[in-house]
Amino acid sequence: MPVIADAVGRAWTAAWSGTVAAVRPFGYFRATGPESFGWKDAPAHWQAGVGRFGAGLILVEAEGDRPALWTKSPTAIARMELDTLDTQRAGAPWTPVIRRFMTGERAWSTAPGTELHLPFSNLPTTLRYAAPRYRSGAALRYQTRLLGFREEWSAPAAGNETVFTNLIGGPFVFEVRAVDADGFVSKTARLTFRVAPPWHRSPGALAGYAVAALAAVAGFIRWRLRHAERERTRLEQLVAQRTAELKVAKDAADTANRAKSLFLANMSHELRTPLNGVIGYAQVLNKDKELTPRNRERVQIVQSAGEHLLRMINEVLDFSKIEAGRMELAPAPFHLPQLLRDVAAALSDRFEKKGLAFAFTPAPDLPDLVIGDAIKLRQVLDNLLGNALKFTPHGSVVFEIAIRDAATETVAFVVRDTGVGIAAADRDRLFQPFQQATDGRPPEPGTGLGLAISRRLVELMGGTLELDSAPGAGSTFRFAVRLPVLAADAAAERRHAGEITGYRGPRRRLLVVDDVAINRSVLRELLAPLGFEISEAVTGEEALALAAAERPDLVLLDLRMGGMDGFTLARRLRAAHGSGLKLIAMSASVLSFGRDDAFAAGCDDFLPKPFREDELLARLGMALQVEWTGETAAGPAAAPARAGTALDPAVIDELLGIARRGEISLLRLRLADLRGDPLADALEPLAKTYRRENIRTLLESHAGRRSRGP
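Here we summarise the structure given alongside this text. What you see is a predicted model, and the numbers here were worked out from it, not measured in a lab. (Residues numbered from 1 in each chain as written. Predicted model: local features only at pLDDT ≥ 70, side-chain atom pairs only at ≥ 80, totals over all residues. Heavy atoms only, no water.)

Some words on the overall build of the protein
Looking only at helices and strands, the protein has 18 helices and 29 strands in total. Counting the 710 residues in the protein, one finds 43% classified as buried. (Helix = DSSP H or I, 4+ residues; strand = E, 2+ residues; numbered from the N terminus. Buried < 20%, exposed > 50% of the residue type's maximum accessible area, 1.4 Å probe, protein only.)

As structure tokens, this is what we get:
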């Protein structure tokens, strides 16, 4: 294997393996570094001149203007000019030729610059090409790409044909280039063409599709509209049918409701009218000084039973008002401490008889005169305390009242007992109409409406009735309502705290107008002993004549009478006598009439029947501005304080401690044991009316006198 170097440092040689085939082509080594060499093949046409058996002899001819390289093989002698080595590699610029463009068997023009527009065909598209490159050595290789279909060049390949299928659209640009044996790339040949889409994808077909789609949508819309119209007609007919049915049902319900309201109104009037006589005469008999204790207890039982029946009737009527949305507040000034004492005093005997400790603890800073609906507030408190009494077999009941927020004039009320408690499953059900708790609670008479009505009344007053309870741990009901404070005046302070026996000042004349003799008789029995001059009238016409003749100070008139009713009578009395004549409307038909109806007719106040004596006297006192007199009037705590006492100082201290804790029930029991002592006798009426401040003042004065000595 000969090796020879030329003038520029190239070492030309050829490698052999055996005696036949050269394993390395003819070429040269050239230094690529201080100790490294790289191999370079000679141009392909030079290797072809050397022959297939390689160079057996290599000679460099350095003389002359152009150095040359001579090779001798068994079959050929070749001379290669070394200065043309690089130019021989590249050669002159050349470009492939696209010779044929066919769709199936149909050929198309491939002239340069032509842009073909081809029809759609399912047959393959074939492109054939060649290169005007005629040199010995390895064959040319070709690279192709189709712009608009494939952007990358294909790998060099010896084949001269490319086939495409499913070409649609365009423009497509077919490009081809050749790569020779030395690796030189030719220029690029191009052919531009378009392929029409099939008929079902042509613009006309697409437009047809669009038209068909629009027609389908329009047809669907028209179908839906017709369907909707039919459905609307059907629904209108159904609504008309249901409306007619509902109208019939509503008329029937209205008729039933009117019948129910009429029944309740008549029932209320028919029940409350005799109850007015029962409760009224029970109050009259209870004031009889000659009544024996046994008979007094019997009268009190009659009065208590009558008031219980009245409460049940009131609950049913109140629930009917709530259902009809007619329950409204009637705010008016009232004396808050006195109302609370009245509520506590009304139940104290029942707590005492059942053996329960009853703690009435009003806060000392409670305002005197406030604005609110005293009747509904009392109804809620009576209900909560009555429930505590019924469902507390032993232990105690606490009634607390305190100022929650002085800025907003909010008063909080709490009723806490040590009774059987309420299970969690019963709590929400308790506030539903006609529902009572069953777990662990003894059966008690009642309508099951009390708590439902109480919650609604508290909500009307702007509060929320809350319950905390657990079986065996007692129950606590609490709520808070806003009661705006009203500045007290002299007239408001004239209300008497003890038993009223009369009044100061000139005699007042009253006219009682009622077509029921028992009602007139009850009013006479209650008011005549107090010093009022009583006249009676059965009809409105008789009342007008008596009012003109006797000029009464106040008229107590029933709203529901035969002939001229109370509303007409009130308007005629007001027109004849002006505002100087005071009118108090009374009625047992509280479902039909109310305070607003009475005020609209010109009355000054409204008193439902049956009534309590204290309610009657409170309205008379407010209307006539009288100052009541009685057993404990004019400083009930001062006069007894000057009386002597034989009580032991330790007993006085015990009583004072009980009073300071607010355990009035226990105090009353101790005073009953000490009855006969002047101090105990003075304290007993104060304890009955829950006048804690007067009780403490009286006891502290005796304790103070004892500490100072006689």
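Section: the sheet that holds strand β10 (residues 115-118)
Backbone-to-backbone hydrogen bonds join strands into a sheet, with any given pair of strands oriented parallel or antiparallel. Spatially, the four strands line up as an open sheet ordered β10-β15-β14-β12, and their pairing is mixed. One side of each edge strand has no neighbouring strand; the edge strands of this open sheet are β10 and β12 (141-147). This sheet shows a mean twist of 20 degrees between the axes of neighbouring strands, independent of strand direction. In this sheet, strand β15 (residues 189-195) lies alongside strand β14 (residues 169-179) in antiparallel orientation, the contact comprising six bridges. Counterpart to Gly169 in the pairing with β15 is Val195. (Pairing = 2+ DSSP bridges. Axes fitted to C-alpha atoms, helices over the stretch in contact; angles between N-to-C directions.)

A look at the sheet that holds strand β19 (residues 396-405)
With mixed pairing, the five strands of this open sheet are ordered in space as β17-β19-β20-β22-β21. Looking at which strands have only one partner, the edges of the open sheet turn out to be β17 (357-362) and β21 (466-469). When the angles between neighbouring strand axes are averaged without regard to direction, this sheet yields 15 degrees. Strand direction decides the pairing type here: strand β20 (residues 410-417) and strand β22 (residues 475-482), joined by eight bridges, are antiparallel. Following the sheet pairing, Arg416 is matched in β22 by Thr476. Relative to the sheet, helix α5 (residues 336-354) contacts β17, β19 and β20, its axis offset from that of β17 by approximately 170 degrees. This element, helix α6 (residues 374-390), spans β17, β19, β20 and β22 of the sheet and lies at about 20 degrees to β20. (Contact = heavy atoms within 4.5 Å.)

Some thoughts on the side chain of Asp514
As for its placement among the helices and strands, Asp514 is situated in the loop between β24 (509-513) and α9 (517-527). Not counting chain neighbours up to four residues away, the residues in contact with Asp514 comprise Asn519, Arg520, Ala537, Val538, Asp558, Met561 and Lys609.

Things to note about the pattern of salt bridges
Under the defined criterion, the tally for this structure stands at 31 salt bridges. A salt bridge links Arg478 to Asp468, with the shortest nitrogen-to-oxygen separation between them at 2.5 Å. Of this pair, Arg478 sits in strand β22 while Asp468 sits in strand β21, and the two are 10 residues apart along the sequence. You can call Arg478 partly exposed: its relative accessible area is 23%. Given the relative accessible area of 42%, Asp468 is considered partly exposed. Among the charged side chains, a network of salt bridges with common partners joins Glu61, Arg66, Arg79 and Glu81. (Salt bridge = Lys/Arg side-chain N within 4 Å of Asp/Glu carboxyl O.)

Observations concerning unusual backbone geometry
Residue Pro171 is bonded to the preceding Gly170 through a cis peptide linkage, with omega at 5 degrees. Looking at the element boundaries, Pro171 is found in strand β14. The phi dihedral of Glu409 is positive, around 60 degrees, even though this residue is not glycine. Located in the positive-phi region is Gln625, a residue other than glycine, with phi close to 55 degrees. You can see Gln625 is positioned in the loop between α13 (613-624) and β29 (627-630). Assessed through its relative accessible area of 39%, Gln625 is described here as partly exposed.

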